[in-house]
Amino acid sequence: LKTIWAIISLYSHLISELASNPECLDAIISAMETHIDGEAVQEIACGLIASLAGYQKYALILADLHHGVIVQRLIFALRRSSRTGSPQENVLKALFRLSSAILSTDTTMESHFLEKTVNHAGNKFREQISLDIVMTSIINSMKQYPANNSLQIWGVRCLWNLISPSARHGQGGHSSIVSEFLRHVRTVTKAHPDTSLQAFYELVICFLSKVSSSNVCLHGCVDNFSSVLLDIMKVEKKSSTVAIHGCRSIYNLCSHEDIATSSRLVISSLHGVDVVINTMEIFPEHVILQREACMALAGLSVDCMQNTEKILELGGVARIDASFDAYCVSRFDESSLQAKIGACIALTSLATYPAALSAIRDAGIVKRIVHLMEEEDVPDKLQNSMKTLLESCSEFENVSAKLQEGADREQCCMALLANLRDVLPPSVIQRDKATWLRSIALHSMNAYTDSAHIQAMGCTLLSHVYVAFSTDSIGQARDIENIINALKAHTTCSTVVSSACMAARNLCSSLTQQMDSVDCDKLNIILDVMDHYRDDLDVIEQSSGALFALCTSSKNLGQIPEDKSIFTIIIESLQKHPHSVELYRCCIGLLWSFSSISGRVEEFVPNLVPLLLKSLDMFEKDDEMIDL
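As the structure is a computational prediction, the values presented were derived from the model and not from experiment. (Residues numbered from 1 in each chain as written. Predicted model: local features only at pLDDT ≥ 70, side-chain atom pairs only at ≥ 80, totals over all residues. Heavy atoms only, no water.)

A.B. asks: I'd like a rundown of the overall build of the protein chain, residues and numbers included.
C.D. replies: Across its full length, the protein chain holds 34 helices and 4 strands. Among the 628 residues that make up the protein chain, the fraction classed as buried is 54%. Across the protein chain, the fraction of contacts at a sequence separation of at least 24, relative to all contacts at a separation of at least 6, is 74%. Accessible surface, the protein chain: about 27200 Å² in total, of which carbon and sulfur atoms supply 51%. (Helix = DSSP H or I, 4+ residues; strand = E, 2+ residues; numbered from the N terminus. Buried < 20%, exposed > 50% of the residue type's maximum accessible area, 1.4 Å probe, protein only. Contact = heavy atoms within 4.5 Å. Areas by Shrake-Rupley, 256 points an atom, 1.4 Å probe, with all protein chains shown as cover.)

A.B. asks: So what about helix H17 (residues 305–313)? Which residues, and what values?
C.D. replies: Residue pairs three or four apart in sequence face the same way in an α-helix, which turns once every 3.6 residues. Among the residues of H17, those classed as buried are Asn307, Thr308 and Ile311. All buried residues of H17 fall inside an arc of 100° around its axis, so they share one side. (Arc of directions from axis to C-beta.)

A.B. asks: So what about the environment of Leu487? Which residues, and what values?
C.D. replies: Relative to the assigned elements, Leu487 resides in helix H27 (residues 479–489). Leaving out residues up to four positions away in the same chain, Leu487 has contacts with Val497, Ala500, Cys501, Ile525, Ile526 and Val529.

A.B. asks: So, the packing of helix H18 (residues 316–325) against helix H21 (residues 365–373): which residues are in play, and what are the values?
C.D. replies: Put simply, H18 and H21 touch, their axes get as near as 12 Å, and they point 20° apart. Regarding the angle of H18 to H21, the classification is roughly parallel. In the crossing of H18 with H21, the sense of the turn from one axis to the other is left-handed. Packed against H18, whose contacting residues are Val317, Asp321, Phe324 and Asp325, the element H21 presents Ile365, Arg368, Ile369 and Leu372 at the interface. Among the residues making up the contact of H18 with H21, the classes are represented as 5 nonpolar, no polar and 3 charged. (Axes fitted to C-alpha atoms, helices over the stretch in contact; angles between N-to-C directions. Parallel < 35°, antiparallel > 145°, perpendicular 65-115°, else oblique. Left-handed = near helix turned anticlockwise from the far one by under 90°. Nonpolar A, V, L, I, M, F, W, Y, C, P; charged D, E, K, R; others polar.)

A.B. asks: I'd love a proper account of the nonpolar core, names of residues and values included.
C.D. replies: In this structure, Ile138, Phe181 and Ile250 are the most contacted members of the largest nonpolar core, which totals 119 residues. It is helix H11 (residues 198–213) that contributes the most residues to this core, 8 residues altogether. When neighbours within four sequence positions are excluded, Ile250 is seen to be in contact with Leu229, Leu230, Met233, Ile267, Val276, Ala296 and Leu300. (Core = buried A, V, L, I, M, F, W, Y, C linked by side-chain atoms within 4.5 Å.)

A.B. asks: Can you lay out the confidence of the model for the protein chain for me, pointing to particular residues and giving the numbers?
C.D. replies: Looking at the protein chain as a whole, the pLDDT averages 83, with 86% of positions reaching at least 70. Contacts for the low-pLDDT stretch residues 114–126, under 50 throughout, to residues beyond four places or in other chains number 29 contacts. Predicted confidence for residues 167–172 stays below pLDDT 50, and this span has 10 contacts to residues more than four positions away or in other chains. (pLDDT = per-residue confidence, 0-100.)

A.B. asks: I'd like a rundown of the state of the cysteines, residues and numbers included.
C.D. replies: The tally for this structure, following the rule as stated, stands at 0 disulfides. Of the cysteine sulfurs around Cys587, a residue in no disulfide, the closest is that of Cys586, at 6.8 Å. (Disulfide = S-S within 2.5 Å.)

A.B. asks: Give a detailed account of the packing of aromatic side chains, specifying residues and quantitative values.
C.D. replies: The final tally for this structure, using the stated rule, is 4 aromatic pairs. Above the ring of Trp160, the side-chain terminus of Lys210 is found at 3.9 Å from the ring centroid. Positioned above the aromatic ring of Phe324, the side-chain terminus of Lys340 is 5.8 Å from the ring centre. (Phe/Tyr/Trp six-rings, centres within 6.5 Å; stacked < 30°, edge-to-face > 60°. Lys NZ or Arg CZ within 6 Å of the ring centre and 35° of its normal.)

A.B. asks: Pulling in residues and values, what's your account of a nonpolar patch on the surface?
C.D. replies: A contiguous nonpolar patch, built from Val605, Val609, Leu613, Leu616 and Ile626 and spanning about 370 Å² of accessible area, is present on the exposed surface. Ranked by residues supplied to the nonpolar patch, first place goes to helix H33 (residues 605–618) with 4 residues. With respect to the helices and strands, Ile626 occurs in helix H34 (residues 623–627). (Patch = residues over 30% accessible without salt bridge, like charges linked within 9 Å, V, L, I, M, F, W, Y side chains within 5 Å. Salt bridge = Lys/Arg side-chain N within 4 Å of Asp/Glu carboxyl O.)

A.B. asks: Please set out the packing of helix H6 (residues 69–79) against helix H8 (residues 131–144) residue by residue, giving values where relevant.
C.D. replies: Taken N-terminus to C-terminus, the directions of H6 and H8 make an angle of 30°; their axes are 9 Å apart at the nearest point. Comparing their axes, H8 and H6 come out roughly parallel. H8 is crossed by H6, and the crossing has left-handed handedness. On H8, the residues that touch Ile75, Leu78 and Arg79 of H6 are Ile133, Val134, Ser137, Ile138 and Ser141. Taken together, the residues that form the contact of H6 with H8 break down as 5 nonpolar, 2 polar and 1 charged.

A.B. asks: Go over the environment of Lys614 with me, naming the residues and quoting the values.
C.D. replies: With respect to the helices and strands, Lys614 occurs in helix H33. For Lys614, a relative accessible area of 30% puts it in the partly exposed group. Between the C-alpha atoms of Lys614 and Pro578, which are 36 residues apart in sequence, the distance is 9.4 Å.

A.B. asks: I'd like to hear about the environment of Gln514, residue by residue, with values.
C.D. replies: The topology assignment puts Gln514 in the loop between helix H28 (494–510) and strand S3 (515–517). We classify Gln514 as partly exposed; its relative accessible area is 41%. Between the alpha carbons of Gln514 and Lys555 there is a distance of 6.2 Å; along the sequence they are 41 residues apart. If sequence neighbours within four positions are ignored, Gln514 has contacts with Thr552, Ser553, Ser554 and Lys555.

A.B. asks: Describe helix H5 (residues 56–64), listing the residues and the values that go with them.
C.D. replies: Taken together, the buried positions of H5 are Tyr58, Ala59, Leu62 and Ala63. Along the axis of H5, the buried positions cluster into a sector of 145°, meaning they face one direction only. Those residues of H5 that are buried are in contact with helix H2 (15–19), helix H3 (22–34), helix H4 (39–52), H6 and helix H7 (86–103).

A.B. asks: Explain unusual backbone geometry residue by residue, including any values.
C.D. replies: Phi angles above zero are rare outside glycine, and His271 is one such case at about 60°. Relative to the assigned elements, His271 resides in the loop between helix H14 (260–269) and helix H15 (272–282).

Following this line, the structure appears as structure tokens:
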């Protein structure tokens, strides 16, 4: 094996003869099977396969040989233990080159990892070698040799090739693989305290960027994902590769509807805005990075006041303005054009907030945009972005008029964004304007029931309007239908769920007259939300508050949803979040609402009494809660 490897290294034209000779390839496979415990044999054979796979044509021959037996042998070698990890390093090189060749074809990666008959020391057996098994084996090998920096690099390269961008939400395999990988990155960092890991970190950040842009479910690892991401951006702050893919990952996290809200809050707590703006300052003339950074700031500022305030505090508007002016070859070459469009998107997102809108106007950005739009050589794509920015900065009546005329989805979003600006603190709105805002929100929600983004913004707008007139109700009882419909249609989107529950709660609290009764189906929908989001404190607080407000604003609760085990949901929620005063307040109210009309309360007394005793201590100075 060593001799053959040396020959093809010296005489590359002989590679074609070896790769196209089935007998030679069978001999290599046979040697690996016969000497499965021979570390040197495995190392040299895998290195030989990696050399052959360096050529795409021959890599595809190897990948398809005997229905994938080469891949099988490589996985077996990867799972064996060795002293330094050299055999495993060669395996990862070979897998990377094979997977790279497969990616260049029209075939799927999955088609090369199906169930096959495998020879092992003369015995035939079958094993399911799936992508998840291959990736798990790669990570286990990386974990076994954390000090082998070269092995780590080849491992991440393999994972990048193998992770499937089309993996659907809920596929536990990919999600658990990502979580395990994130933990391993921490281990590698500790194993190299005095060594530069720039090459490794750059590959890691590219892998995270690909994962964040895919449909891999990140529900359970947003905190760890964001922490690893930002730590690498802080350590390798002078690497443009890390900066570009780091900012792209931040934007991707903030774009996933089911984790967008939690991602913004987590990234905010980890000083993510500081990191992004710092990268913009380090690379002021790197237009590609400026574009990605602007998109990251745009994602972070959506419906997140604390991120917007931080952007303003750190001079973010000026930095975005500088990105708009940056160019590479000319003002409107493709890279420079994308940077300008990214800056417009970031400013459009920020313009939703009064303080940010003032900063944009004070910087003279609006006037310069108007002047630039008059030039004849401005590309259409930039013209459209600048037009959208100007619309977001215009008075709300001008934007809302478009909606009344029958706006499309994009214009509908624009109207809601512009109108949200008028109800956010510290703005004070008049009753006639609030009435118009309510109709805008309801009209939008009815027009685009399938858009989670529009439903979330519409509910947020309604919620602020209800709060602004909490003592002089502007909402109507029928509004609850629109809100519950949004909740029902987008139960899996935490952003919509949180916004809808908050709107329902604020509506019911602001009604001056009680509703005659509440439909049992509405109670069931909110109970389903409470049950589904028990681990999400923000959503469970909002949903329990909405349910309690709905109960108290109705004269008759009607049929109690016994099949939903409301007492079980309340008990488990309180046990899971024992320190949430708001959750206790809402759940005690629900117990008061349902215990008197339920025939099942007795069976839950042993679990309820300790929680009620705890609530007496928690609310000892609150007479109303003590009464409840």
